[in-house]
Amino acid sequence: MAKVILKGREIPLLYTVYEMKQVQEEIAPLSQFQYIIFGRNPDDPDDTSRYAGAEHLGAVAKLIRILGNAGLEEAGEAPDLTDKKVLRSLRPVDLVEAVNACMAAMNEGMASEIPEKKPEGPVDVTLEEMNKKKEKEA
């Protein structure tokens, strides 16, 4: 799982359809998202003059907050990230690495299915086999 480090705290990043919806509502439609998150001009992808501008930094903060809170929640931790906490935890030199971690999380989310949670504790193997046979018959 992709992660980002904020002030020494390891934050797991998770991207599912729920986060996809949040990204589109809070940052931009997916067709424009990559331009904004990389600080590029949507009308001229070679123009990087928006890098580290207010819109770019705001988008990075939102993305880390969205994916980070999802990862924390999935890990059973409090989803306590805010845009302000995220920006205060990053140094300008960390910006590219943080964006790359988010993109890795998004690629992971787009490439694989969410694994089922396995029940903890003892497992009744006989019951599992009976259930598998029922599923095959259906």
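For clarity, every value in this text was computed on a predicted model and none was experimentally measured.

Asker: Teacher, can you tell me more about the nonpolar core here?
Answerer: Where a protein is soluble and globular, its nonpolar side chains tend to be buried together. By size, the foremost hydrophobic cluster in this structure holds 32 residues, and its most contacted members are L63, I64 and L67. Put simply, the parts of the chain that give this core at least two residues each are β1 (3-6), α1 (17-26), α2 (30-37), α3 (54-74) and α5 (95-111). Setting aside anything within four residues of it in sequence, one finds L67 in contact with P12, L13, L14, Y15, E19, C102, A105 and M106.

Asker: What's the story with the pairing of β1 in this structure? I'm lost.
Answerer: Each regular strand carries side chains that alternate between the two faces of the sheet. With burial as the criterion, only one face of β1 is covered, namely that bearing V4 and L6; the residues K3 and I5 on the opposite face remain uncovered. Two elements, β1 and strand β2 (residues 9-12), share four bridges in a ladder whose sense is antiparallel. Note that in β2 the partner of K3 across the bridge is P12. Adjacent in sequence and paired antiparallel, β1 and β2 are bridged by two residues, among which K7 carries a positive phi angle near 50 degrees.

Asker: Could you clarify how one ought to interpret the environment of P12 in this entry?
Answerer: Along the chain, the position of P12 falls in strand β2. With relative accessibility at 15%, the residue P12 sits in the buried group. Separated by 55 residues in the primary sequence, P12 and L67 have C-alpha atoms spaced 7.9 Å apart. Apart from residues lying up to four places away in sequence, P12 is in contact with M1, A2, K3, L67, G68, G71 and L72.

Definitions and limits used
Residues numbered from 1 in each chain as written. Predicted model: local features only at pLDDT ≥ 70, side-chain atom pairs only at ≥ 80, totals over all residues. Heavy atoms only, no water. Core = buried A, V, L, I, M, F, W, Y, C linked by side-chain atoms within 4.5 Å. Buried < 20%, exposed > 50% of the residue type's maximum accessible area, 1.4 Å probe, protein only. Helix = DSSP H or I, 4+ residues; strand = E, 2+ residues; numbered from the N terminus. Contact = heavy atoms within 4.5 Å. Pairing = 2+ DSSP bridges.

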